[in-house]
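# Report on the structure
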Amino acid sequence: MFEDALSLHRSGQLREAGAIYRGILTQDPENADALHLLGVIDIQGSNFAAALYLIDRALALRPEDPVFLSSRGVALHGVGRLQDALASFDNAIARKSDYAEAFNNRGAVWRQLGRSETALEDFDSALTIDRNYVNALNNRGNILVALKRFEEALASLDSALSLAPDNPEASNNRGNASMGLGDFEEALSRFERALKLRPDYAEAMSNRGNALMRLRRIDDALASYDRALVLKPDFSEAHVNRGLALVQLNRVGEALSCFDRALSFEPRSADACLNRGIALLALGRASDAVKSYDRAIACRSGFVEAHVNRGNALRALAQFEEAQASYMRALCLRPDQPFLFGDWLHAKMKACEWSGLSAAFQALETKVEARTAAATPYAVLATPLSAACQKLAAETYIRQSSFRVSEKRPTANRFRNGRRGDRIRLGYFSSDLRDHPVARAIVELIEEHDRTRFEVIAFSSGPPSNDQMRVRLSQAFDKFIDVHAVADTDVVAMARRMGIDIAIDLNGYTEGARPQLFATRVAPVQVSFIGYPGTTGADYIDYKIADAVVLPEGLKAHFMEKIAFLPNCYLTSDVAGCLLDPAPARASAGLPESGFVFCCFNNSFKITPKEFDVWMRLLRRVPSSVLWLVDDNSTATLNLRLEAENRGVSGERLVFAQRLDLRAHLARQQLADLFVDTFHYNAHTTAIGALWAGVPVLTTLGNTFAARVGATLLHAVGLPELVCQSVAEYEATALEFATNSGAITLLRRKLAGLRAASPLFDIKQYARHLETAFEEMWERRLAQMPPEHIVVPRHA
């Protein structure tokens, strides 16, 4: 009877074998082998508690049997008693030192405990005993994938497949190794092979979705996850993966439900908690996101991604000191985490926390020059790094990103066949088409576009808004399309169907950017404009709008894009359309009744010790003067006051202004005497507002695009004498104005006389110049000529 049962068992006829084992036990209740093998059948059916009961009965009869001890370890593993399982395997190996199966099974427990290197040692031990042990080869390959040793993993898994070509687990794991090497097509074929061998293999079906995700076939990936969940409804990992696909499709609310579903099946899933937090943050629920990241960290200590994203959520809450701490914990755990150093540094600068700042700048420069993924391009702009370094940072970001970039110059049949004489279709893409500086910069331009020559369409990727600026913009564009909840692939398809000729990116790498749209080409001509004061480093952005002051000949080599030079300032703003109300009383703005008012309403991250030292020396030398700053965040406000005290200036001489709507702000701005600009990242629309309010702006001429914006504004308004060539000249000029009331009065009168007629505030002329640039770009496209630098004549 036993031999018959064993034969059935080996052939996979478990029910029939079990019936015979039970018949044996009816006649011989203390048959240890029958008890053990009946327990093994329960293990094979994942009925681990029943298996443990039977195997323990067998061990009571033969407590030294290594096979029984190993099977008991498998059952204990199945019920989650991992330490007891290790002890059982240890006992088995102590009694049979060449027991390959026990080494293999113990390695599986070590892997679940996160001891990957120890698990690898056990799999290697099993293979030393039996080099053709397929399960050990498979498990070894799997653990090498987890250790990111993908080439070694391939060798191990290929050996397993040479011995067992029809092993679905080995095919699935081989696919995971190919994923790690970036060969997603190969991975997909391996997962599909595993599914052919075992159609109900839920894990392979979910992994197939992962490969399709990396191939940017998001809808197909979603279908694969759905099939995996039909096969295994409580498959937590597949629910997480399905949520990630929905995030890519901008269906974030549905994604959140997926992550919640995953947690209902596996409450301690750190990955589900992490991605739940990402979805919450995308939905604007930053406080809830922090709680979700905290839960992820509690589930998995040392979870780098959770610490990073926790920092992102705290940054969204303007809790920059806490954000720094989260980023630093992640850096300590994984110093080479892509772009993390820059995130930490930017949070530090937002908080105006300057201890060790010079060393951090130097470290950043070293990392960027080594082409490591140290910082996102935006995080570099406000630092002292050169234009060459800014380009390197952008190129590294592109190289390290997950963008699936199409060919640089796609074939014409992918877009509409434009003809000379047709209206050129402009598509403006931005997340900031609401009450935002970028919107204020373009709104009158959009209204002024010549509709006989251009059709102007907005693609708004920011959150819905009903503010006055959004209403005005929606009326200004010929079409205003809300794409914030539309997947990138669908936005690209929509833009191509609409026949967009020139796509204008107003984000660059600022918050809310969607560079994937441009990486896959929404239009045959793509332009970077206004929102990002630097190179994108991308070969799929054809042109950068600039002028000869902000981007002189010596900087062209540090831009990937071809430059379209406007004859005046590249930047504009709608402030000229804003009526100037009378200035309020000084007291209402928190300013003293008398004394010189230096002001700088730039964001806090633009302020560094270099300019702050100058400002404090000015306050010490100009009695009763104050420095008027924006109250950006409470940590920065406190730290700036402390930094003033450290430089011998009372913190009370720093006055912090709350943010107001534009009209109220411009009225208040008139109370300032002199706007003192920051050095590395100048004021942009903030400086234009100051000039319109009649407040002179003092700047330095830097060596990067962002550090020369003040200079181009002052040249355009007719005050080039306020562009200083050095920090010493900047300080001396500011001191002269602050101590010579006649000089500042004359300067303000000069500005008042220049404003109305200056090119800076002539939006009609600006629109014509920009349109000339667009027309030349389009002419080159129609002539099948590659992008080239464009110089727009002053009288275009």
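Look above for the structure.
Here goes a summary of the coordinates provided. Bear in mind the structure is a predicted one, so any value in this text is a computation, not a measurement.

Calculation criteria
- Residues numbered from 1 in each chain as written.
- Predicted model: local features only at pLDDT ≥ 70, side-chain atom pairs only at ≥ 80, totals over all residues.
- Heavy atoms only, no water.
- Helix = DSSP H or I, 4+ residues; strand = E, 2+ residues; numbered from the N terminus.
- Expected span 1.5 Å × (residues − 1).
- Buried < 20%, exposed > 50% of the residue type's maximum accessible area, 1.4 Å probe, protein only.
- Contact = heavy atoms within 4.5 Å.
- Phe/Tyr/Trp six-rings, centres within 6.5 Å; stacked < 30°, edge-to-face > 60°.
- Lys NZ or Arg CZ within 6 Å of the ring centre and 35° of its normal.
- Axes fitted to C-alpha atoms, helices over the stretch in contact; angles between N-to-C directions.
- Parallel < 35°, antiparallel > 145°, perpendicular 65-115°, else oblique.
- Left-handed = near helix turned anticlockwise from the far one by under 90°.
- Nonpolar A, V, L, I, M, F, W, Y, C, P; charged D, E, K, R; others polar.
- Pairing = 2+ DSSP bridges.
- Polar contact = N/O pair within 3.5 Å; in protein donor to acceptor, adjacent residues only side chain to side chain.
- Core = buried A, V, L, I, M, F, W, Y, C linked by side-chain atoms within 4.5 Å.

Let's shift gears to helix α30 (residues 634-646). Taking 1.5 Å per residue, 13 residues should reach 18 Å; α30 reaches 19 Å between its end C-alpha atoms and fits that length. Of the positions making up α30, those classed as buried are Thr635, Ala636, Thr637, Asn639, Leu640, Glu643 and Ala644. Packing partners of the buried residues in α30 comprise α20 (320-333), α21 (340-350), α29 (609-621), β9 (626-630) and β10 (654-657). Gly648 sits one or two residues past α30 and shows a positive phi near 80°.

Aromatic ring pairs: the centre-centre distance and the angle between the two ring planes describe each pair. Here the structure, examined in full by the defined rule, presents 20 aromatic pairs. Within the aromatic cluster, the residues linked to one another by ring pairs are Phe339, Tyr397, Tyr509 and Tyr532. One cation-aromatic arrangement involves Lys367 over Phe341; the distance from NZ or CZ to the ring centre is 5.1 Å. The side chain of Arg755 reaches across the aromatic face of Trp692, ending 5.5 Å from its centre.

As a packed pair, helix α4 (residues 48-61) and helix α5 (residues 66-78) sit with axes 9 Å apart at the nearest point and diverge in direction by 155°. It follows from the interaxial angle that α4 and α5 lie roughly antiparallel. Taken as a pair, α4 and α5 cross one another with a handedness that is left-handed. Across the interface between the two elements, Phe48, Ala51, Leu52, Ile55, Asp56, Ala58 and Leu59 from α4 touch Phe68, Leu69, Ser71, Arg72, Val74, Ala75, Leu76 and Gly78 from α5. Broken down by class, the residue content of the contact of α4 with α5 amounts to 11 nonpolar, two polar and two charged.

Another point: the environment of Val471. Residue position: Val471 is located in helix α26 (residues 468-476). With 36 residues separating them along the chain, Val471 and Asp435 place their C-alpha atoms 9.9 Å apart.

In this structure, Ser46 takes a positive phi of about 60° despite not being glycine. You can see Ser46 is positioned in the loop between α3 (32-44) and α4. Unlike most non-glycine residues, Ser624 shows phi in positive territory, near 70°.

Here we come to the pairing of strand β4 (residues 502-505). In β4, alternate side chains face the same way, and those of Ile502 and Ile504 on one face and Ala503 and Asp505 on the other are all buried. Across four bridges, strand β1 (residues 424-430) lies against β4 in parallel orientation. Considered in β4, the bridge of Leu426 is made with Ile502. Looking at chain direction, β4 and strand β5 (residues 525-528) are connected through four bridges and run parallel. The residue bridging Ile502 from the neighbouring strand is Val525, located in β5.

Here the focus is the side chain of Asp673. Structurally, Asp673 is set in the loop between α31 (662-669) and β11 (674-676). There is a polar contact of 2.7 Å between the side chain of Asp673 and the backbone nitrogen of Val597. Once residues lying within four places of it in the same chain are set aside, the contact partners of Asp673 are Arg586, Gly595, Phe596, Val597, Val695, Pro696, Ile744 and Arg748.

Counting residues in hydrophobic clusters, the biggest one holds 217 residues, and the most contacted among them are Tyr428, Phe459, Phe529, Phe598 and Trp628. Counting 57 residues, the second-largest nonpolar core is a separate cluster that includes Ala92, Tyr133, Phe150 and Ala153.

The quantities given are spatial measurements derived from coordinates; they are silent on function.
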